[in-house]
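Architecture and fold: a report
Here are the chains, one letter per residue:
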Amino acid sequence: MPQPIVVGLARCASWFVAIVWFGAASCAEQGSPSLPPNPVWRDLENKIFLEIQSVRADPDDYAERVIGPLKDRLVRFPRDARQPFLEYRAFLVGGTKIDYFTLDEGGSEETARAVLDETIDALRATADLPRLVRNDVLDRSARYYAEDFTRGGKQRDPHVDSRGRKAGPRIGSYGATRRALRGWQEFVDQLDADGTSVARVFRRNSRYYWLAFSGTRAYRYWSIPDQVGQFVTEHGRETTLARLDQKGHECSIRVDRQRRTLHHGDVSVAYPFALPAYGENVAWGAWSPESAARGMVCWWLLDPGIQNRGHRKLLLDPKIRYAGVGCARSPSVGWVTTFDACSEELVAYPQQ
């Protein structure tokens, strides 16, 4: 049996660890490659998704049916009670000898057992949650990261992929909300045919606005992401914007529609597609294929060693409505699973 791996405060058996990351972010790079289908991995993805649906459909029932029995399947290590306590191993019902959790939170038998009781109480206190909708964009982003992690994820920050992206930019590289795509289309519609334009922006009440002229006297303006406003402000010239009589900045730009990037000379910035509320859970370990789905979901619910129980919060977040699951496997880390979730539907970027 391999020794447990510790990342930050997360620790458990079967060299199984997990990471969660929340926030709001914008797209740093589009066009991440899709992975070829793998039937075994896809089957596990479906099982994990259904297991999470089961938790959300009736948290109290899941607490009684799945988490409660773990209390009767705790094995103390070392077994000799005369020796100092190190950990409990909670074996899954029907699992193999590698299908267990390591519970050592707090360093005592009482605090380790309390993790199970606290999880049961939290589930009992949770009302039934909306069913999740499987989302293709989130599936593809999760599959990319699960596979990417097998190629060196243990040697870097588990929140960051091999391209240096955290969860938000990674998810955002695959798609955006319909609202964000409408904003992009409105942005490119005012460009010249060759993608060039004179960008005019101003700042009011801590927000940036884009100014466009559509006739001799007609003009309109709308809010834009901070990154775009800051880019024009930094590289443009300060001026009083005509007709609006508003202090602002003007800057010549060229827009690469395919890469959704703004250029001014040799500098550029990716057009940011801001995500709504989102979250990411990542886990890896040597579970058996038969028990991996339940084991990973249960471990996220227990969240031993994670002070704010962030993995559990994501699974039980009522704002989360759309989700994707990605799985991969390698000899060095075993199963790797990514669960990506979002409060709004994400759609793939249209082909330019």
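Residues numbered from 1 in each chain as written. Predicted model: local features only at pLDDT ≥ 70, side-chain atom pairs only at ≥ 80, totals over all residues. Heavy atoms only, no water.

With the rule as written, the count across this model stands at eleven aromatic pairs. Residues Trp-184 and Tyr-271 carry aromatic rings whose centres are separated by 4.9 Å and whose planes lie at 65° to one another, so their mutual orientation is edge-to-face. With Trp-184 in helix α6 (residues 178-189) and Tyr-271 in the loop between β15 (267-270) and β16 (278-285), the pair connects residues that are 87 residues apart, well separated along the chain. Per residue, the accessibility class of Trp-184 equals that of Tyr-271, and both read buried. Geometrically, the ring pair formed by Tyr-209 and Tyr-221 is edge-to-face, given 5.7 Å between the ring centres and 90° between the ring planes. Remark: Tyr-221 occurs in strand β11 (residues 219-224) and Tyr-209 occurs in strand β10 (residues 207-213); sequence separation between them is twelve residues. An aromatic cluster is built from Tyr-145, Phe-149 and Trp-284, whose rings are joined through pairwise contacts. One Lys or Arg, Arg-89, reaches over the ring of Phe-77 and ends 4.0 Å from the middle of that ring. The ring of Phe-49 has Arg-134 sitting right over it, with the charged end atom 5.0 Å from the ring centre. (Phe/Tyr/Trp six-rings, centres within 6.5 Å; stacked < 30°, edge-to-face > 60°. Helix = DSSP H or I, 4+ residues; strand = E, 2+ residues; numbered from the N terminus. Buried < 20%, exposed > 50% of the residue type's maximum accessible area, 1.4 Å probe, protein only. Lys NZ or Arg CZ within 6 Å of the ring centre and 35° of its normal.)

Our next topic: helix α1 (residues 39-57). Owing to its 3.6 residues per turn, the α-helix aligns residues three or four sequence positions apart on the same side. Given a rise of 1.5 Å per residue, 19 residues ought to cover 27 Å, and the 27 Å separating the end C-alpha atoms of α1 matches this to within 8%. Restricting attention to buried positions, one finds in α1 the residues Trp-41, Arg-42, Leu-44, Glu-45, Ile-48, Phe-49, Glu-51, Ile-52, Gln-53, Val-55 and Arg-56. The backbone nitrogen of Val-40 lies 3.0 Å from a side-chain oxygen of the residue at the head of α1, namely Asn-38. (Expected span 1.5 Å × (residues − 1). Polar contact = N/O pair within 3.5 Å; in protein donor to acceptor, adjacent residues only side chain to side chain.)

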